[in-house]
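What the coordinates show
For reference, the chains in residue letters:
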Amino acid sequence: MTRQAPLIAELVNLATAYRRGGGSVRPLVGDDLATTFATHLGDSTSEALRAVPDAGRHLAELATELRQALLAEQPAEQAARINAMIRRYGAQPYLVEDVGQPFHLHFHGSGGTQVEGLGGEFATALALIVDGFGPDRFGVCQAHQCEAVYIDLTRNGSRRYCSAACTARAKTAAYRSRRPA
């Protein structure tokens, strides 16, 4: 679950954010999205994703669904969106033993493509985060000119920024606003 959170946020931010880190960006689409997102995955998953026809379009659709679930205003709406994704992508639990790690659960989607597999995995990860941490652990970065999403897995639920860079920018701006002119 926690391994998936950064990947979920990265996909959503690559495909749906128009402002990140204090400036305007163009959301990635098509092959650019698939190629860029694949660099965040393991080698075999990356290769499988690149082999999916029209992977970028499917990733963009998944990113939009994820963003809507992350930023749903009511917990019931959030749960409904996550449940719909779990059904759509056919998440199936199975045990995996990765190199150097003990057996752990994955929830790969039962669809035929790597994007559908990621959809099942990501939807289930969101469900487990809501179950373990609560529905208020997702948000939009509070730094100026940033609309990237974050997933807060901190113990006290204190995260408010998408990255260390945005945290630093916000703290610097707050410090400067308190200083006498």
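That block above? That's the structure.
Bear in mind that the values here come from a model prediction, so they are computed numbers and not experimental data.

About the cut-offs
Residues numbered from 1 in each chain as written. Predicted model: local features only at pLDDT ≥ 70, side-chain atom pairs only at ≥ 80, totals over all residues. Heavy atoms only, no water. Helix = DSSP H or I, 4+ residues; strand = E, 2+ residues; numbered from the N terminus. Rg over C-alpha atoms; globule rule 2.2 N^0.38 Å. Buried < 20%, exposed > 50% of the residue type's maximum accessible area, 1.4 Å probe, protein only. Contact = heavy atoms within 4.5 Å. Areas by Shrake-Rupley, 256 points an atom, 1.4 Å probe, with all protein chains shown as cover. Lys, Arg positive; Asp, Glu negative; His and termini not counted. Charge placed at Lys NZ, Arg CZ, Asp CG, Glu CD. Polar contact = N/O pair within 3.5 Å; in protein donor to acceptor, adjacent residues only side chain to side chain. Disulfide = S-S within 2.5 Å. Pairing = 2+ DSSP bridges. Core = buried A, V, L, I, M, F, W, Y, C linked by side-chain atoms within 4.5 Å. Axes fitted to C-alpha atoms, helices over the stretch in contact; angles between N-to-C directions. Left-handed = near helix turned anticlockwise from the far one by under 90°.

**Focus: the overall build of the protein**
Regarding its fold elements, the protein presents 7 helices and 6 strands. When the elements of the protein are put in sequence order from the N terminus, they spell out α-β-β-α-α-α-α-β-β-α-β-β-α. Rg of the C-alpha trace for the protein: 17 Å, near the compact-globule value of 16 Å for 181 residues, within the 12% margin. Going through the 181 residues of the protein one by one, you find that 41% of them count as buried. Partitioning the contacts of the protein with sequence separation of at least 6, the portion at a separation of at least 24 is 47%. Only carbon and sulfur atoms are counted for the fraction: they give 52% of the accessible area of the protein, which is about 10000 Å². Here the protein carries 19 positive and 18 negative side-chain charges, and the mean point of each set is 13 Å from the other.

**Here's the deal with the side chain of His104**
Here His104 shows up in strand E4 (residues 103-106). We classify His104 as buried; its relative accessible area is 12%. A polar side-chain atom of His104 sits 3.2 Å from a polar atom in the side chain of Arg3. Within polar-contact distance, the side chain of His104 engages the backbone oxygen of Pro102 at 3.1 Å. Not counting chain neighbours up to four residues away, the residues in contact with His104 comprise Arg3, Tyr94, Leu95, Val96 and Asp98.

**Brief notes about the state of the cysteines**
Under the counting rule described, the total for this entry stands at 0 disulfides. Cysteine Cys141 remains unbridged, with the sulfur of Cys146 as its closest cysteine sulfur at 3.8 Å. Judged by relative accessible area, which is 5%, Cys141 ranks as buried. Since its relative accessible area comes to 4%, Cys146 is described here as buried.

**Things to note about the pairing of strand E3 (residues 94-97)**
Within a regular strand, the side chains alternate between the two sheet faces. Note: E3 against E4, 4 bridges, orientation antiparallel. Note that in E4 the partner of Tyr94 across the bridge is His106. In this structure, the hairpin formed by E3 and E4 is closed by a connection of 5 residues, where Gly100 is found at a positive phi of approximately 80°.

**A closer look at the nonpolar core**
Ranked by internal contacts, the top residues of the largest apolar core, which has 36 residues, are Ile8, Leu11, Phe37, Leu49, Leu66, Phe122 and Leu126. Those elements giving two or more residues to this core turn out to be helix H1 (4-16), helix H2 (30-38), helix H4 (55-70), helix H5 (75-89), helix H6 (114-133) and strand E6 (149-151). Looking at this core, the element that brings in the most residues is H1, giving 8 residues. Excluding residues within four positions of it along the chain, Phe37 makes contact with Leu7, Leu11, Leu14, Leu49, Leu59, Leu118 and Phe122. Membership of the second largest hydrophobic core comes to 6 residues, among which are Cys141, Ala143, Ala148 and Cys162.

**As for the packing of H5 against H6**
Packed helix pairs are specified by the crossing angle of their axes together with the interaxial distance, meaning the distance between the axes. Two elements in contact, H5 and H6, have axes separated by 8 Å at closest approach and are oriented at 145°. The handedness of the crossing between H5 and H6 is left-handed. Where H5 abuts H6, its residues Gln78, Ile82, Met85, Ile86 and Tyr89 lie against Glu116, Gly119, Gly120, Ala123, Thr124, Leu126, Ala127 and Val130.

**Overview of the environment of Val130**
Residue placement: Val130 occurs in helix H6. Residue classification places Val130 among the partly exposed residues on the basis of a relative accessible area of 23%. In this structure, Val130 is in contact with Gln78, Ile82, Pro135 and Phe138, ignoring residues within four places of it in sequence.

Function cannot be inferred from these measures alone, as they are strictly geometric.
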